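These are the residues of each chain, in order.
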Amino acid sequence: MKPKKAKDFLRVLDFSVDEVKTVLTRANELKKELKTGKKSEAAKGKILGLLFEKHSTRTRISFESAMYNLGGNCTFLSSKDLQLNRGEPLKDTARVLSRYLDCLVVRTFGQNIVEELANWASIPVINGLTDQHHPCQALSDIMTVIEKKSQGFNLDDIKGLKIAWVGDGNNVAHSWIEVCARLDLNLYLACPKGYEPDKHIIEESLKDSKANIVVVNDPIKAVEDADVINTDVWASMGQEDEEDERKEIFKNYQVNTKLLSHAKKDAIVLHCLPAHRGQEITEEVLEGPQSVVWDQAENKMHLHRALLEFLVK
Ligand code: CP
Ligand code: NVA
């Protein structure tokens with residue numbers, strides 16, 4: 001029998017407009033409070049499990065730090081150590097872990113894996129990156145955009161901005177499409193032919209949204225007069241054997257000083273990291289005055305605290 005479900009966060013569209021806004025606003029409040037020494041204890045006595053099948057620095061540590069900061073505890077579950085790796089079904093793993101934990105963050109390959117776990121778990125399941133989505137990343141990235149481009153963290157201030165994505169139409173791009181749709185934003189994605197984001201995700205995202213989502217192949221078109229420029233690796237985790245081929249296909253999609261000169265003078269540059277200097281972004285831009293990548297990385301922790309507060313009851 002399937003257990004009674006808690007709310008999950010497997011993709012940005014799992015949250016309504018109000019839920020997206022609530023989590024973003026709370027993340028900003030928690031960030032401010034922490035700087036003054038005040039701490040929420042919303043997860044006191046709760047345990048977060050982290051089940052990771054791919055590498056992670058930021059997502060793992062920022063979730064662990066977030067949970068400890070909320071007064072809770074964490075346990076890291078490397079999938080290779082679990083019976084899961086010896087064939088125990090996902091549905092059994094999900095039901096058993098639900099008896100020990102209060103929430104589970106999963107980083108894996110197919111979206112179907114997090115869906116199956118969530119379907120059988122009675123605790124909230126959070127997608128910490130799959131091949132299709134990276135929803136927590138897009139929320140903390142947009143938090144960074146609001147912080148840098150609005151007065152007093154006002155979500156309406158960023159509505160008129162031009163946001164550009166340069167590179168692969170990958171998991172992070174999909175989650176950006178969904179968050180821009182939820183917030184009615186203006187997103188231009190420049191991707192090589194054949195590497196554009198999934199059309200179904202764009203269609204689904206645009207239902208009930210006033211967002212403007214435009215996919216082009218020319219990076220200059222996307223970056224022209226942009227306020228925000230975002231990029232990510234050319235070969236994601238799991239695509240290591242395509243790396244050489246992709247270096248050739250994506251070579252004109254590098255965020256460098258020349259491309260940046262087409263954007264507004266005060267444009268900010270985001271990268272979810274880890275970055276490959278000399279590929280999708282140059283050292284000069286990554287370390288330059290328009291880069292906000294370190295604040296962006298910090299915001300993952302604040303956003304994860306707000307998300308855990310919201311989901312773990
Ligand atoms: N941005 C991000 O998800 O980084 P990690 O792969 O280090 O978690
Ligand atoms: N698109 C990248 C994001 C890493 C945080 C990947 O999936 O490897």
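Residues numbered from 1 in each chain as written. Chains lettered and ligands numbered in written order. Predicted model: local features only at pLDDT ≥ 70, side-chain atom pairs only at ≥ 80, totals over all residues. Heavy atoms only, no water.

**Considerations on the site of ligand 2**
- Around ligand 2, the structure places Leu129, Asn170, Asn171, Asp232, Val233, Ser236, Met237 and Leu273.
- Asn170 places a side-chain nitrogen or oxygen 3.4 Å from a nitrogen atom of ligand 2.
- Asn171 is positioned such that a nitrogen or oxygen atom in its side chain is 2.8 Å from an oxygen atom of ligand 2.
- Calculation on ligand 2 without its partners gives an accessible area of 270 Å², and the protein chains cover 94% of this total.
- Here the shell around ligand 2 is composed, by residue class, of four nonpolar, three polar and one charged. (Near = heavy atom within 4 Å. Polar contact = N/O pair within 3.5 Å; in protein donor to acceptor, adjacent residues only side chain to side chain. Areas by Shrake-Rupley, 256 points an atom, 1.4 Å probe, with all protein chains shown as cover. Nonpolar A, V, L, I, M, F, W, Y, C, P; charged D, E, K, R; others polar.)

**Quick notes on the site of ligand 1**
- Neighbouring residues of ligand 1: Ser56, Thr57, Arg58, Thr59, Arg107, His134, Gln137, Cys272, Leu273 and Lys300.
- Coverage of ligand 1 by the protein chains reaches 95% of its 260 Å² of free accessible surface.

**As for the pattern of salt bridges**
- For the structure on display, the rule yields 22 salt bridges.
- Asp131 serves as the salt-bridge partner of Lys54, at 2.6 Å between the closest nitrogen and oxygen. One end of the pair, Lys54, is in the loop between strand E1 (47-52) and helix H2 (58-69); the other, Asp131, is in the loop between strand E4 (125-127) and helix H5 (135-149), with 77 residues separating them in the sequence.
- Overlapping salt bridges, with partners in common, bring together Arg26, Glu29, Glu33, Lys38 and Glu309 in one network. (Salt bridge = Lys/Arg side-chain N within 4 Å of Asp/Glu carboxyl O. Helix = DSSP H or I, 4+ residues; strand = E, 2+ residues; numbered from the N terminus.)

**Notes on unusual backbone geometry**
- The omega torsion of the bond from Leu273 to Pro274 falls at 5°, within 30 degrees of zero and hence cis.
- In this structure, Asp225 takes a positive phi of about 60° despite not being glycine.

**Describing the packing of H2 against helix H12 (residues 293-311)**
- Running from amino to carboxyl end, H2 crosses H12 at an angle of 50°, the nearest separation of the two axes being 8 Å. In terms of their interaxial angle, H2 and H12 are classed as oblique. Classified by chirality, the crossing of H12 by H2 is right-handed. Along the contact surface, H2 presents Arg58, Thr59, Ser62, Phe63, Ser65, Ala66, Met67 and Asn69, while H12 presents Ala297, Lys300, Met301, His304, Arg305, Leu307 and Leu308. (Axes fitted to C-alpha atoms, helices over the stretch in contact; angles between N-to-C directions. Parallel < 35°, antiparallel > 145°, perpendicular 65-115°, else oblique. Left-handed = near helix turned anticlockwise from the far one by under 90°. Contact = heavy atoms within 4.5 Å.)

**Quick look at the pairing of strand E5 (residues 162-166)**
- With five of five residues buried, E5 is to be regarded as a mostly interior element.
- Alternating positions in E5 separate into two faces, Lys162, Ala164 and Val166 on one and Ile163 and Trp165 on the other, with burial throughout.
- When E5 meets strand E6 (residues 186-190), the two strands line up parallel, connected through five bridges. Of the residues in E6, the one forming a bridge with Lys162 is Asn186.
- Considered for its hand, the β-α-β crossover made up of E5, helix H6 (residues 171-182) and E6 is right-handed. (Buried < 20%, exposed > 50% of the residue type's maximum accessible area, 1.4 Å probe, protein only. Pairing = 2+ DSSP bridges. Right-handed = clockwise from strand over helix to strand, strands pointing away.)

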